[in-house]
Amino acid sequence: MDRMSLRELAVPIIKAIDSFNYLLKSHHRRTAVAAYHIANKMGLGNEDMFELVVAAGIHDIGALSIQERDMLVQVDVANPAPHCTMGHRMLASFYPFKNIAQIIKHHHISYQDSMHMNAGEVLFQSHIIHLADRVDVLINPDSFILNQKKQVVETINAKTGMTFHPKVVEAFNEVSKADIFWIEINNLDIDQLFRRLDVSVDFELTIDNIIDFALTLSRIIDFRSRFTASHSYTVAHLSSLFGEYFGFSEEKCKKLLVSGYLHDIGKIGIDPGLIEKKEPLSNEEYNLIKLHAYYTGQILKELSLSPWFGEIVEWAEKHHEKIDGMGYPYALKELDIDNGSKIIAFSDVISALLEERPYRKAMPIDVAFNIIREKIAPSISCSMFQVIELHKKEINNLVKKCHNHTFEEYRLDNELGTNLWAPS
Ligand SMILES: [Fe+2]
Ligand SMILES: [Fe+2]
Ligand SMILES: [Fe+2]
């Protein structure tokens, strides 16, 4: 694998969260810029600064899979715990993000509450993100930012020592005197911001790190609904198994795993209500859902800075293409669709038919395979499906294993009360 650093992985994700998520546009970038300026004034060390900026850049990631996004843009978040806990749970299993997950866990904690907690539980960066986040929420996007300085500073100061850490407020008061603080909240892009950080603290990722991170991201989409809680996970594991059937190398099978985890990441830009809908979708709604394949490509292309990702992106973004030219978004024909994309396409449909949907029960594998053989395989590849069918039993077992694994995780989230999409 080519060299790939944590920064090269984090930046595209920050961009994806900001640009495709319709309710939180630019909020992560803006919070990261404000946090950077405040931390700079406080003289935060290189490593702490790097983690602060990454954490600020994805701080509300836990809210993407739950229905509380409207709440996040209010100044006093009534019950911030679910999206903080969810964010922490999603990221904590990704080893390089251990501290980042901890920072995110407490990014809405008040200074007063933090004083009753164990020493070291609340990292200082959480206090910085808390204030930076509220600054962005207080800024009215419809009026010129420099005209709002006084009011925002006053509102923050009124909560010093209660909501906000006095040292962070002190640094904010200093740094916010300069127009550049406000101008850069509006204008500094995330690449420019990362260029200001000391890269010596950045570190190289292994393939296994990338697999772990892809799994983490897949949960944003899967855990939006109990009906899809296992979807990308199952697609990933089926794809890597199918790779073996078709003689893919071990490395390519790992790429299939990553591509499977990320194939629906573009659903970040789709209203989760559409995915949960019980009634049949209208044409207009179906057209909106179709956009996700394009979004997946756009998000993952940011990662293609590293050539290692080339096939992963290609397979994921073409998972709805059909050899008869009736697929989307490119309406490609046979020769332009790689076997990797066809593998993801088969895994996608097998996984979907074996899952319950709001409007139908999960299908037994025999019924699903009959439908695929007759109606779906002709537009992907009949010869490939003949090979897949030989392994029906193994496939059924793997799908069951995937379901058990992910539903256990999903149930844990429900117990924590973090998943507001849980069945009542
Ligand atoms: Fe938040
Ligand atoms: Fe936020
Ligand atoms: Fe899809």
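Residues numbered from 1 in each chain as written. Chains lettered and ligands numbered in written order. Predicted model: local features only at pLDDT ≥ 70, side-chain atom pairs only at ≥ 80, totals over all residues. Heavy atoms only, no water.

Participant: What is the right way to read the coordination of the iron ion (ligand 3) from this model?
Facilitator: Any two of four tetrahedral donors ideally make an angle of 109.5 degrees at the metal, while pairs among six octahedral donors ideally make 90 or 180 degrees. Around the iron ion (ligand 3), the protein supplies Asp264 (OD), His292 (NE2), His319 (NE2) and His320 (NE2) as donor atoms, at distances of 2.2 to 2.3 Å. Sequence spacing of the donors to the iron ion (ligand 3): D-x27-H-x26-H-H. Highlighted residues: His292 in helix 17 (residues 283-301) and His319 in the loop between helix 18 (310-317) and helix 19 (339-353), separated in sequence by 27 residues. Residue His292 is classed as buried on the basis of its relative accessible area, which comes to 3%. Overall, His319 belongs to the buried group, its relative accessible area being 1%. (Donors = N, O, S within 2.8 Å, 3.2 Å for Na, K, Ca; no water. Helix = DSSP H or I, 4+ residues; strand = E, 2+ residues; numbered from the N terminus. Buried < 20%, exposed > 50% of the residue type's maximum accessible area, 1.4 Å probe, protein only.)

Participant: Explanation requested: the confidence of the model for the protein chain in the structure shown.
Facilitator: Any region with low pLDDT has predicted coordinates that should not be read closely. Averaged over all residues, the pLDDT of the protein chain equals 88, while 91% of them reach at least 70. Confidence drops under a pLDDT of 50 for residues 417-424, and excluding neighbours within four residues, the segment shows 28 contacts in the predicted structure. (pLDDT = per-residue confidence, 0-100. Contact = heavy atoms within 4.5 Å.)

Participant: Got a minute to help me understand the nonpolar core in this structure?
Facilitator: Note that soluble globular proteins tend to have their nonpolar side chains buried in a common cluster. Counting 121 residues, the largest nonpolar core has Ile58, Phe242, Ile372 and Ile395 as its most contacted members. Looking at this core element by element, the count peaks at nine residues for helix 13 (residues 207-222). Filtering out sequence-adjacent residues up to four positions away, Ile58 remains in contact with Ile13, Ile14, Ile17, His28, Leu91, Phe97, Ile100 and Ile104. (Core = buried A, V, L, I, M, F, W, Y, C linked by side-chain atoms within 4.5 Å.)

Participant: Sorry if this is basic, but what is going on with the coordination of the iron ion (ligand 1) here?
Facilitator: At the metal site, the iron ion (ligand 1) is ligated by Asp60 (OD), His83 (NE2), His107 (NE2) and His108 (NE2), and these contacts range over 2.1 to 2.3 Å. Taken together, the four donor atoms surrounding the iron ion (ligand 1) define angles of 83 to 178 degrees at the centre, an arrangement classified as irregular. Within one chain, the residues serving as donors to the iron ion (ligand 1) are arranged as D-x22-H-x23-H-H. The metal-metal distance between the iron ion (ligand 1) and the iron ion (ligand 2) comes to 3.6 Å, with Asp60 coordinating both. Residue Asp60 is found in the loop between helix 3 (46-57) and helix 4 (69-72), and its partner His83 is found in helix 5 (residues 81-92); the two are separated by 23 residues along the sequence. Note on accessibility: Asp60 and His83 belong to one class, buried. (Tetrahedral: all angles 85-135°; square planar, octahedral: opposite > 155°, others 65-115°.)

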